[in-house]
Amino acid sequence: MSQKTFEGRIVGKSVAKVDALSLALGKPLFTDDIPFKNTVHVKMLYSPHAHANILDIDTSEAEKLPGVLGVLTHKNASQVLHTTAGQGYPEPSVYDTRLFNKKVKYVGDRVAAVAAETVQIAESALELIKVKYAVLEPIFDWDKSYGNTIIIHDEGEAKYLIPVHYDSEKNHVAHMDAEVGDMDKGFEEADFIIDQTVRNHYAQHCPLEPHISIAYFDGHDRLVIRSATQVPFHARRIVAQVLGIPLSKVRVIKPRIGGGFGTKQEIITEIIAAAFAMELKRPVKFEYTRKEEFISARTRHPMTVQLKAGVKKDGTITAMDMKVTSNTGAYGTHGLTVMSNAGSKALPLYHCDNIKFVGDTVYTNLPVAGAYRGYGGTQAALALEIVIDELARTIDMDPAEFRLKNHIKTGESSPIFKALGEGGEGHEQTVDSVGLSECIKFGANAIGWWDREEYKKKHSTETKKRGFGLACLMQGSSIPFIDMAAAYAKMNDDGSFNLLLGATDIGTGSDTVLAQIFAEVLGLEMSDIIVLSSDTDLTPFDKGAYASSTTYLTGLAVQNLAEKIKAQLFEYASKMMNVPSSDLKLGAKEIKHSTTNQSISFSDIGTKALYTDNQQQIGAVASELSKKSPPPFCAHFAEVEVDTETGRVKVLRYIIAIDCGTPINPKLVIGQSEGALVNGIGYALSEQFIFNQKGKVLNPSFGNYKIMTTTDLPDIETIIVPTFEPSGPYGAKSIAEINISGPMPCLSNAIFDAIGVRITEPPYTPDRVLKAIQKHE
């Protein structure tokens, strides 16, 4: 077990979510739950072509339609170059986007927006817009995009704000390379070499609540945007930037969110709604349909990952060489960072002195990729954990024993951390809490790993074969020396506290977890804390819900905040009780003398401080800059049954063993883990975009895009392996993303274990599995 563990009075307990009752009762908490009078509705006209120049666009007939209030196109909308990626400034994403372009770059690219009195009128107006296109040849294969004669961004104006590689003339969005050790020597020392290429696919985030923004002007003539966003502060900055208005004139409010998973880290509906609100001076609502979520929101980056690795007969990994080609689609949001994460969230997992990573991100005329839970780690894990399994099998070592021998341990580092900037540019990073050995052992015991061969013989039939798979994973917790979070709290006269958080709870329970940390420091009950989050006017800055950082980074800010307030309470009580503060200790909502029975309650302090004695507002603000990114670790185990006649893969059991440091709220840890797992199983088995030859998505609906339902799920068991992360709040690390990355490699390994056929291109649909079986025969 890694160092000590921590369990407190509130921290480590599965207290109820602060919004649980309101959500259960269907209270009006979401963006569209608050009605606005005279609301204007927006609908968008999308390109039917994957690649075309707009020669002319005529909106005159649409504008004449009764009830139409305005039309935006490239002719009259802002032409400010920007990125829709909600990242810290200056963004590590290329500025290659305008609200509307003269050139469309994928089926679903924006052509015109209509604002009207009703949705129906707006939709009718779209049919009246006449667009003349000059259709161009598209490029869909990302492995053939680099240097292709088809140039997607040929306008010559796109740029990064940071000094990184970009070459639009070669469709080249980003490049990253790093090498440590001696690769030639590493492969020469190997007794065996495995060289495997995998290719993952497009996927949609599928939040139940689609993208939606409502923009209006308040009584002080300030633009207010209610938005289902993961990044309210970034949204405010980008809206002001694109529309050319002072940031101080924009307020963004994030209500409850019905799922995000990364897609709501993009600024997609906010700017359009705001632009029409500025023109019409009326509330404007822009809400995506489910079809629009598929064709014009964001997706996972498809990647081709080649991994070559060498191993000695004793199980020592001698070299790992990873090459990544990432498809960002038509625009470059998150193109650099997702690709670089493929290296930094995978390669440090195992001991190796000789490591090379080369990553390239390219444009294609396909839907735009963006942030998606797992963020590059998911794609790389597919390659890494398949190769690790094959290395183990090649030397006749059990795959679990091979991982136990080679995985990174507490107090160790990896040379690739510094090479890829994982500890912050130029900084070395050690891992100070690793419970992966325990995860592997506990998971293996839970699924019956050590006796699996006998079990398989007993339960397999001639046509239905059982198999077991294993995959190990790591992720990160925040972005070192880039991400910052802040929190503010004030004491009320009854001893309760208002806790104001910039952090964005997107259903993850961060409001609850952060309140638990605050309560633990101050000896409070959860009912003593009133949480308000994600309002750019009222709450302090937070970079938003991404990079698995809220519990770790914002949690540190909240812990520091509570310690500041604790010091204030001791100082105030010291004066009231006329004793040194060193003689005082914290009780249950009171300050007590260490040796006498003298005490003063928080309610007395609150009342006296505000009304009678030594009057002051007890409260504080604290911020935290991330200085490292401690990885959570987990081990996934699966039992599958493969029907060799139909190709159907049935997942029977799935075990997650997870090290997230201190589990601040164990039930929420399980919820996050199993939610990510279910998402990952769907991605591995059934979710996929189906395109026609012209780049059009043919299945933009839940009827034809298969996500997991409760009836599809296997028996799932989550094992929490507590460790203590010294740099985290009460020893905590992240949990939100890591478990989505396990099913693709774990199930590939299980399928191979069942039928001896290796499948490297998910999803593992019956037709694909059957074809692989027939090819193998």
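The rules we used
- Starting afresh in each chain, residues are numbered from 1 along the sequence in its written order.
- Restriction of local features to residues with pLDDT of at least 70 applies here, the model being predicted, together with a cutoff of 80 or more for giving and counting side-chain atom pairs; totals for whole chains, interfaces and linings are based on all residues.
- Side-chain figures throughout are based on the complete set of non-hydrogen atoms in the structure, without hydrogens or water.
- Here a helix means four or more residues in a row that DSSP labels H or I, a strand means two or more in a row labelled E, and each is numbered from the N terminus.
- Partly exposed residues are those whose accessible area sits between 20% and 50% of the maximum for their type, while under 20% is buried and over 50% is exposed, using a 1.4 Å probe and protein chains only.
- The contact criterion used is simple: two residues touch if any of their non-hydrogen atoms lie within 4.5 Å.
- The definition of a polar contact used here is a pair of N or O atoms within 3.5 Å, where within protein one atom must be able to donate a hydrogen and the other to accept one, and adjacent residues in sequence count solely through side-chain atom pairs.
- For this analysis, a salt bridge means a side-chain nitrogen from Lys or Arg found within 4 Å of a carboxyl oxygen belonging to Asp or Glu.
- When two cysteine sulfur atoms lie within 2.5 Å, the pair is treated as a disulfide.
- Start and end points for every domain follow an automatic or database-based domain assignment.
- Using a 1.4 Å probe, buried area is obtained as the accessible area two parts lose upon being combined, added over both of them.
- Charged means Asp, Glu, Lys or Arg here, nonpolar means Ala, Val, Leu, Ile, Met, Phe, Trp, Tyr, Cys or Pro, and polar covers whatever is left, Gly included.
- Residues forming no salt bridge and having over 30% relative accessible area are the ones grouped into patches, like charges within 9 Å of each other and nonpolar side chains (Val, Leu, Ile, Met, Phe, Trp, Tyr) within 5 Å.
- A 1.4 Å probe and the Shrake-Rupley method give the accessible areas. Residues count as covered only by the protein chains that appear here.
- For the purpose of counting charges, residues Lys and Arg are taken to be positive, whereas Asp and Glu are taken to be negative. His and the chain ends are not included.
- Lysine's charge is taken at NZ, arginine's at CZ, aspartate's at CG and glutamate's at CD.
- For two strands to be treated as a pair, DSSP must find no fewer than two bridges joining them.
- Fitted lines through C-alpha atoms give the axes, limited to the stretch in contact for helices. The angle between two N-to-C directions lies from 0 to 180 degrees.
- Pairing of aromatic rings covers Phe, Tyr and Trp, the last counted by its six-membered ring, and requires centre-to-centre distances within 6.5 Å; plane angles under 30 degrees mean stacked, over 60 mean edge-to-face, and any other angle means tilted.

## Comments concerning the environment of F30
- Among the secondary structure elements, F30 is positioned in the loop between α1 (20–24) and β1 (40–46).
- A residue is classified by how much of its surface remains accessible, and F30, at 25% relative accessible area, is partly exposed.
- Residues F30 and A228, 198 residues apart in the sequence, show an inter-C-alpha distance of 7.9 Å.
- For F30, the residues in contact, after removing those within four places along its chain, are L23, E209, R226, P255, R256, I257 and G258.

## Here we look at the side chain of S93
- By secondary structure assignment, the location of S93 is in the loop between β3 (68–72) and β4 (103–104).
- Within the local environment of S93, its side chain forms a polar contact with the side chain of Q87, the two groups lying 2.6 Å apart.
- Here H334 takes part through its backbone nitrogen, which lies 2.8 Å from a polar atom of the side chain of S93.
- Those residues in contact with S93 that sit more than four places away from it in its chain are T83, A85, Q87, Y160, G332, T333, H334 and G335.

## Notes on the pattern of salt bridges
- Taken as a whole and assessed by the stated rule, the structure comprises 40 salt bridges.
- Here the salt bridges share partners, and the residues they tie into one network are E385, D389, R393, R403, E453, K456 and D753.

## Comments concerning the state of the cysteines
- Counted under the stated rule, the structure contains 0 disulfides.
- As a non-bridged cysteine, C472 has C634 as the owner of its nearest cysteine sulfur, 7.7 Å distant.

## So, the domain arrangement of the chain
- For the chain, the domain assignment lists domain 1 (39–136 + 211–287), domain 2 (303–479 + 628–776) and domain 3 (483–625).
- In this structure, domain 2 and domain 3 have C-alpha centres spaced 39 Å apart.
- Every contact between the two is made by 19 residues of domain 2 and, on the other side, 19 residues of domain 3.
- On the domain 2 side of the contact with domain 3, I664, P729 and Y730 bury the most area, a combined 36% of that side's loss.
- Summed over the shared surface of domain 2 and domain 3, the number is 0 salt bridges.
- A breakdown of the residues in the side of domain 2 that touches domain 3 according to their chemical character gives 7 nonpolar, 9 polar and 3 charged.

## A word on helix α8 (residues 335–344)
- With respect to burial, α8 is a largely interior element, 10 of its 10 residues being buried.
- Listed as buried for α8 are G335, L336, T337, V338, M339, S340, N341, A342, G343 and S344.
- On its buried side, α8 packs onto β7 (172–180), β13 (303–311), β14 (317–329), β15 (355–363), α9 (377–394) and β16 (464–474).

## A word on a negative patch on the surface
- A surface patch of negative charge is lined by D177, E179, D182, D184, E188, E189 and D353.
- Listing elements by their share of the negative patch, those giving two or more residues are β7 and α4 (183–189).
- In terms of residue count, α4 provides more of the negative patch than any other element does, 3 residues in total.
- Among the secondary structure elements, D353 is positioned in the loop between α8 and β15.
- Residue D353 is classed as exposed on the basis of its relative accessible area of 63%.

## Notes on the sheet that holds strand β22 (residues 599–601)
- Ordered in space as β20-β21-β22, the 3 strands form an open sheet in which the pairing is antiparallel. Both edges of this open sheet fall to β20 (584–586) and β22, since each of them pairs with a single strand only. The mean inter-strand angle of the sheet, taken between neighbouring strand axes irrespective of direction, is 20°.
- Sheet strands in contact with helix α16 (residues 602–611) are β20, β21 (590–593) and β22, and its direction is about 70° off that of β22.

## A few points about the sheet that holds β4
- Read across the sheet, 3 strands follow the order β4-β2-β6 without closing on themselves; strand pairing throughout is antiparallel. Of all strands in the sheet, those with a lone pairing partner are β4 and β6 (130–135), marking the two edges.
- Here strand β2 (residues 52–58) pairs with β4 via 2 bridges, running antiparallel. Following the sheet pairing, A52 is matched in β4 by V104.

## Re the packing of aromatic side chains
- If you walk through the whole model with that rule in mind, you get 18 aromatic pairs.
- Taking the centre distance of 4.7 Å and the plane angle of 40° together, the rings of F36 and Y216 count as tilted. Remark: Y216 occurs in strand β9 (residues 212–217) and F36 occurs in the loop between α1 and β1; sequence separation between them is 180 residues.
- In this structure F36 comes out as partly exposed when scored by relative accessible area, which is 23%.
- Look at Y216 and you get buried, because its relative accessible area is 16%.

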